[in-house]
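# Geometric and topological summary
This is what each chain is made of:
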Amino acid sequence: MKKVMLVLSMLMLFACGAFAQTEVNNEGTQIIFDLSTFGGIVAVISSVVTQILKVVPSIDGSKIAKIGISVGVGIVVCMLAWALKVSEPLADLIWWQTLIYGVAAGLSGCGFYDLVKVVWGLFKPKEQD
């Protein structure tokens, strides 16, 4: 009986959601990237870097290369968004401020934890066995 009630409640939940929809898009699926916030820019950078790492699997072993690619993609994405004036936070910046914004977004895209871990590994003395 519990399973029947669960199925009925789920069906009612999905039916109400379908009726609540006001606009139907029959053109197919679209991917929309929101570049109006810092989080949206970081999400674009992370998805692009993930696709690059899928295409070039030899980079997977080098963490410094991943960080470099992420920063490079961040700079390219932010400079393109600034030049095309599609991003609200980047609209009023000068080119060098946009460059710094791109570096910060790229570092956020690869994860600050990974960055700190790699830098700490460079300065940490190696243990002798």
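Look a little higher up for the structure.
Here's a quick rundown of the structure.

Quick notes on the rules
Residues numbered from 1 in each chain as written. Predicted model: local features only at pLDDT ≥ 70, side-chain atom pairs only at ≥ 80, totals over all residues. Heavy atoms only, no water. Helix = DSSP H or I, 4+ residues; strand = E, 2+ residues; numbered from the N terminus. Buried < 20%, exposed > 50% of the residue type's maximum accessible area, 1.4 Å probe, protein only. Contact = heavy atoms within 4.5 Å. Areas by Shrake-Rupley, 256 points an atom, 1.4 Å probe, with all protein chains shown as cover. Core = buried A, V, L, I, M, F, W, Y, C linked by side-chain atoms within 4.5 Å. Axes fitted to C-alpha atoms, helices over the stretch in contact; angles between N-to-C directions. Parallel < 35°, antiparallel > 145°, perpendicular 65-115°, else oblique. Left-handed = near helix turned anticlockwise from the far one by under 90°. Nonpolar A, V, L, I, M, F, W, Y, C, P; charged D, E, K, R; others polar.

With that out of the way, let us pick up the overall build of the protein. Assigned secondary structure in the protein consists of 5 helices and 0 strands. Taken over 129 residues, the protein has a buried fraction of 21%. Once local pairs closer than 6 in sequence are excluded, the contacts in the protein between residues at least 24 apart make up 61%. For the protein, the computed accessible surface area is about 9900 Å², with 69% contributed by carbon and sulfur atoms.

Attention shifts here to the nonpolar core. Core analysis: the biggest nonpolar cluster contains 13 residues, and Ile-41, Ile-45, Val-77, Cys-78, Leu-90 and Ala-105 have the highest contact counts within it. Only α2 (38-55), α3 (63-84) and α4 (95-110) provide two or more residues apiece to this core. Broken down by element, this core gets its largest block of residues, 5 residues, from α2. Residues contacting Cys-78, with those up to four places away along its chain left out, are Ile-41, Leu-90, Thr-98, Tyr-101, Gly-102 and Ala-105. With 6 residues, the next largest nonpolar core counts Ile-67, Val-71, Leu-107 and Val-118 among its residues.

Another point: the packing of α3 against α4. Contact geometry for α3 and α4: axes closest at 7 Å, N-to-C directions at 140°. For the element pair α3 / α4, the angle class is oblique. Considering how the two elements wind past one another, α3 and α4 form a crossing that is right-handed. Between α3, through Ile-67, Ser-70, Val-71, Gly-74, Ile-75, Cys-78, Met-79 and Trp-82, and α4, the contact on the second element is made entirely by Trp-95, Thr-98, Leu-99, Tyr-101, Gly-102, Val-103, Ala-105, Gly-106, Leu-107, Gly-109 and Cys-110. Partitioning the contact of α3 with α4 into residue classes produces 13 nonpolar, 6 polar and no charged.

Now for the packing of α2 against α4. Orientation of α2 relative to α4, taken along the N-to-C sense of each, is 65°, at an axis distance of 9 Å. Along this stretch, α2 crosses α4, giving a crossing that reads as right-handed. Here Phe-38, Ile-41, Val-42, Ile-45 and Ser-46 of α2 come into contact with α4, specifically with Tyr-101, Ala-104, Ala-105, Gly-106, Ser-108 and Gly-109. In terms of residue class, the contact of α2 with α4 is built from 7 nonpolar, 4 polar and no charged.

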